[in-house]
Amino acid sequence: MTTAQSAPPPSMRLRELAFGAACAAALRAAARLGVADALGDAPMPVEDIAAAVKTEARPLRRLMRALSCYGVFTERPDGTFEHTDVSRLLREDDPNSLRAITLWCTEPWTWDAWPLLDEAVRTGDNVVEGLYGKEFFPYLNEDAPESADVFNRAMTTSSVQSARDVAEFLDLSGSASVADIGGGQGHVVASLLDKYPTMHGTLLDLHRVVENAVPRLLPGGDLADRARVVPGDVRTAVPVKADVYVIKNILEWDDESTARTLRNVSEAGGPGTRVVVIENLVDDTPSMRFSTAMDLLLLLNVGGAKHTTRSMVDRLTEAGLVIDDISPVNPYLHAFDCRVSG
């Protein structure tokens, strides 16, 4: 029987860390094969799982045994396998599924980029342009459409899940309108309109993004009479007036782009306007391993960075915002509740 291991001695811990790619690859293989979907609520022999996912039983047992060491699946004394709370998140039909995100974090381009992390650390620049001859998102959309599709599904999954937490966390009572700046498909603003039945909301993001906005916000949708969808680049202008502006997980670009976005929001809202910035942090958070890994991935692909509490505070105050409160939204997001000074 294979189970998650207790803490090993330092020499073995370092060996395990050096083999971290094996764990990532095993997760990717299980997600692509649909192993978690094939495994039912009751323990199953590996032969039955293999038949369901069309693999050979012996190598599948090796894959599942490796993942069981990390708490992904459990191997029972009789050789059958059963789910854990972690492995269930690889199921496509789980309401909190992380299958798309698991695939996104292990897409082929990541295996090209990670070995060049030392170069990115030396120069401070992304490595994707050197690898593929173009910036990351043009490469993704033009040369890697399958990865682009995985990215879109992962971001949608993440947005849907975090939008629920953001809407539950935010108290916007007394406000008549909210604008989601760089809000993707609009899951946050839709969740807030559900919470506040008289509130009006605006989604602002790039044209190619908002054309795939949540159907509920578009003409014919049940929120359409209280929603506005505006195409535009937040780094260029924010042509939206609202009582509250929400900026979630987009201030990870270079400092100049971040400064321009915050400046545009401040100018659009005017003195006293409430601005809520929600970000992953690489300090003071239970999700340090995840957040710091994403921080390094941002360095590799777009030259961006996750923020520390201090760096976020500095960016906000430099943009003329007064911070009234900093609070955790969930284990991996923090909210900076601000107002425009003046």
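Placed above this text is the structure.
Residues numbered from 1 in each chain as written. Predicted model: local features only at pLDDT ≥ 70, side-chain atom pairs only at ≥ 80, totals over all residues. Heavy atoms only, no water.

What to know about the overall build of the protein
Thinking step 1. When helices and strands are tallied, the protein shows 16 helices and nine strands.
Thinking step 2. Of all 342 residues assigned to the protein, the portion counted as buried reaches 46%.
Thinking step 3. Element-wise, carbon and sulfur atoms account for 54% of the exposed surface of the protein, whose accessible area totals about 16800 Å².
Thinking step 4. Here the protein carries 33 positive and 49 negative side-chain charges, and the mean point of each set is 3 Å from the other. (Helix = DSSP H or I, 4+ residues; strand = E, 2+ residues; numbered from the N terminus. Buried < 20%, exposed > 50% of the residue type's maximum accessible area, 1.4 Å probe, protein only. Areas by Shrake-Rupley, 256 points an atom, 1.4 Å probe, with all protein chains shown as cover. Lys, Arg positive; Asp, Glu negative; His and termini not counted. Charge placed at Lys NZ, Arg CZ, Asp CG, Glu CD.)

Let's talk about helix α15 (residues 288-301)
Thinking step 1. In this model α15 runs 20 Å from its N-terminal to its C-terminal C-alpha over 14 residues, within 8% of the 20 Å that 1.5 Å per residue would give.
Thinking step 2. Buried within α15 we find Ser 291, Asp 295, Leu 297, Leu 298, Leu 299, Leu 300 and Asn 301.
Thinking step 3. As for α15, its buried residues are in contact with α7 (108-113), α8 (117-123), α9 (128-132) and α10 (136-143).
Thinking step 4. With its phi angle positive at about 75°, Gly 303 sits one or two positions after the end of α15. (Expected span 1.5 Å × (residues − 1). Contact = heavy atoms within 4.5 Å.)

Observations regarding the side chain of Asn 126
Thinking step 1. With respect to the helices and strands, the residue Asn 126 is situated in the loop between α8 and α9.
Thinking step 2. Within polar-contact distance, the side chain of Asn 126 engages the backbone nitrogen of Val 128 at 3.1 Å.
Thinking step 3. Among the polar contacts listed, one links the side chain of Asn 126 to the backbone nitrogen of Glu 129, at a separation of 3.1 Å.
Thinking step 4. Asn 126 has contacts with Leu 299, Leu 300, Asn 301, Val 302 and Gly 303, leaving out every residue within four places of it along the chain. (Polar contact = N/O pair within 3.5 Å; in protein donor to acceptor, adjacent residues only side chain to side chain.)

A short note on the pattern of salt bridges
Thinking step 1. Scanning all chains against the criterion turns up 23 salt bridges.
Thinking step 2. Across the pair Arg 310 and Asp 314 runs a salt bridge whose closest N-O atoms are separated by 3.1 Å. Here Arg 310 pairs with Asp 314, and both are found in helix α16 (residues 309-318), just four residues apart, close to one helical turn.
Thinking step 3. What makes Asp 314 partly exposed here is its relative accessible area of 26%.
Thinking step 4. Bridged by salt links that share partners, the residues Arg 61, Arg 65 and Glu 75 form one connected network. (Salt bridge = Lys/Arg side-chain N within 4 Å of Asp/Glu carboxyl O.)

Looking at the pairing of strand β7 (residues 274-279)
Thinking step 1. Most of β7 sits out of view: five of its six residues are buried.
Thinking step 2. Of the pairings in the sheet, the one linking β7 to strand β9 (residues 333-340) comprises six bridges and is antiparallel in character. Within the sheet, the bridge partner assigned to Arg 274 lies in β9 and is Arg 339. (Pairing = 2+ DSSP bridges.)

A look at unusual backbone geometry
Thinking step 1. In the Ramachandran plot, Phe 73 falls in the positive-phi region, its phi being about 75° despite a non-glycine side chain.
Thinking step 2. Residue position: Phe 73 is located in the loop between α5 (57-68) and β1 (74-75).
Thinking step 3. Residue Phe 73 is classed as buried on the basis of its relative accessible area, which comes to 1%.
Thinking step 4. Not every positive phi belongs to a glycine, and Asn 249 is a case in point at roughly 55°.
Thinking step 5. Of note, Asn 249 is situated in the loop between β6 (244-248) and α14 (255-269).

Description of the pairing of strand β8 (residues 321-330)
Thinking step 1. Sheet topology places β8 next to β9; eight bridges connect them, and they run antiparallel. Looking across to β9, one finds that Leu 321 is bridged to Val 340.
Thinking step 2. The antiparallel pairing of β8 with β9 creates a hairpin that spans two residues between the two strands.

Some details on the packing of helix α11 (residues 145-169) against helix α12 (residues 187-195)
Thinking step 1. Packing of α11 against α12 brings their axes to within 8 Å, and their N-to-C directions diverge by 35°. Viewed along their axes, α11 and α12 form a crossing whose handedness is right-handed. Of the residues in α12, those in contact with Thr 156, Ser 159, Val 160, Ala 163, Arg 164, Val 166, Ala 167 and Glu 168 of α11 are His 187, Val 188, Ser 191, Leu 192 and Lys 195.
Thinking step 2. Partitioned by chemical class, the residues of the contact of α11 with α12 number six nonpolar, four polar and three charged. (Axes fitted to C-alpha atoms, helices over the stretch in contact; angles between N-to-C directions. Left-handed = near helix turned anticlockwise from the far one by under 90°. Nonpolar A, V, L, I, M, F, W, Y, C, P; charged D, E, K, R; others polar.)

What about the packing of aromatic side chains?
Thinking step 1. In this structure the tally under the stated criterion is seven aromatic pairs.
Thinking step 2. Geometrically, the ring pair formed by Trp 104 and Phe 136 is tilted, given 6.2 Å between the ring centres and 55° between the ring planes. Highlighted residues: Trp 104 in helix α6 (residues 99-104) and Phe 136 in helix α10, separated in sequence by 32 residues. For the pair Trp 104 and Phe 136, one class covers both residues: buried.
Thinking step 3. A centroid spacing of 3.9 Å and a plane angle of 5° characterise the contact between Tyr 132 and Tyr 139, whose relative ring orientation is stacked. (Phe/Tyr/Trp six-rings, centres within 6.5 Å; stacked < 30°, edge-to-face > 60°.)

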